[in-house]
Amino acid sequence: MTLPPGQQRVLDFLRNYVRRHGLAPSYRDIQHGLGFASPNAVRRHLVALEHKGLVALPRRTARGIRIVESDDHETTSALLLPLIGKVAAGAPILVEAQVEKHLKLDPALFTPQPDYLLRVDGDSMIEAGILDGDLIAVKQTAMAHNGQTVVARVDDAVTVKIFERTHAGIRLLPRNRHYAPIEVDARLPFAIEGLYCGLVRRA
């Protein structure tokens, strides 16, 4: 695919930055690295690259730009997913909203296509095959149906559990008989952060 010079410069900068640092640059990193007048100029190029299927832009993180392309600049189905923190599979823990690194993965591993990875901390989902230390792929969404595995935020903490909504309220169900369900207090802030799409188990 032939790109306009400005878009090609941004794409090349992204690829080289990720290769050197193991994480995506921020808009300001690109601005300063390429001499653009403002972050808005960077964003215009990135939006154009997103429309062409070469990058996916973050919605909540400063460094979540995801490259979806091959080394010869042709589009490919390979995913470069940011690993942005940890999620509890036990008691909820705070997520560190910071990209640790990127992993290039086969999209056939996941359904639906994920937006980012989180590292599991705990064993409350072992009967669902999700183990301590696994990397889970997450599709960012605020919607979920009963029985789906979700990443949920409860009062600024997040956890991975089975979602259940009844007339009595919301429960987050573990898949480990030694853990009790989390009964979500209606007085606390609650949000679905995303849907579980699959996992990566590192050797």
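Preceding this section is the structure that the text describes.
Residues numbered from 1 in each chain as written. Predicted model: local features only at pLDDT ≥ 70, side-chain atom pairs only at ≥ 80, totals over all residues. Heavy atoms only, no water.

Enquirer: Before we go on, may I ask you to explain the side chain of Gln-31 in this structure?
Expert: The residue Gln-31 is located in helix α2 (residues 27-34) in this model. A relative accessible area of 8% places Gln-31 in the buried class. Excluding residues within four positions of it along the chain, Gln-31 makes contact with Phe-36, Ala-37, Ser-38, Pro-39 and Val-42. (Helix = DSSP H or I, 4+ residues; strand = E, 2+ residues; numbered from the N terminus. Buried < 20%, exposed > 50% of the residue type's maximum accessible area, 1.4 Å probe, protein only. Contact = heavy atoms within 4.5 Å.)

Enquirer: Sorry, what's going on with the pairing of strand β6 (residues 135-140) here?
Expert: Two faces make up the sheet, and in a regular strand the side chains alternate between them. As defined by bridge partners, strand β5 (residues 116-121) adjoins β6 across four bridges and the pair is classed as antiparallel. Across the sheet, Leu-118 pairs through a bridge with Ile-136, a residue of β6. The sheet contact formed by β6 and strand β11 (residues 190-200) spans six bridges and is antiparallel. Looking across to β11, one finds that Ile-136 is bridged to Leu-199. (Pairing = 2+ DSSP bridges.)

Enquirer: Is there a simple way to explain the pattern of salt bridges in this structure?
Expert: Once their charged atoms are close, side chains differing in charge can pair, the charge on each being opposite to the other. Taken as a whole, this structure holds seven salt bridges when the rule is applied. With a closest N to O distance of 3.3 Å, Arg-177 and Glu-127 form a salt bridge. Of this pair, Arg-177 sits in the loop between β9 (169-173) and β10 (182-183) while Glu-127 sits in the loop between β5 and β6, and the two are 50 residues apart along the sequence. On the basis of relative accessible area, Arg-177 is assigned to the exposed category, the value being 71%. Judged by relative accessible area, Glu-127 falls into the partly exposed class, the value being 45%. Measuring nitrogen to oxygen at the nearest pair gives 2.8 Å for the salt bridge that ties Arg-187 to Asp-185. Exposure remark for Arg-187: the relative accessible area of 74% places this residue in the exposed category. Residue Asp-185 is classed as partly exposed on the basis of its relative accessible area, which comes to 28%. Residues participating in the shared-partner salt-bridge network are Glu-164, Arg-171 and Glu-183. (Salt bridge = Lys/Arg side-chain N within 4 Å of Asp/Glu carboxyl O.)

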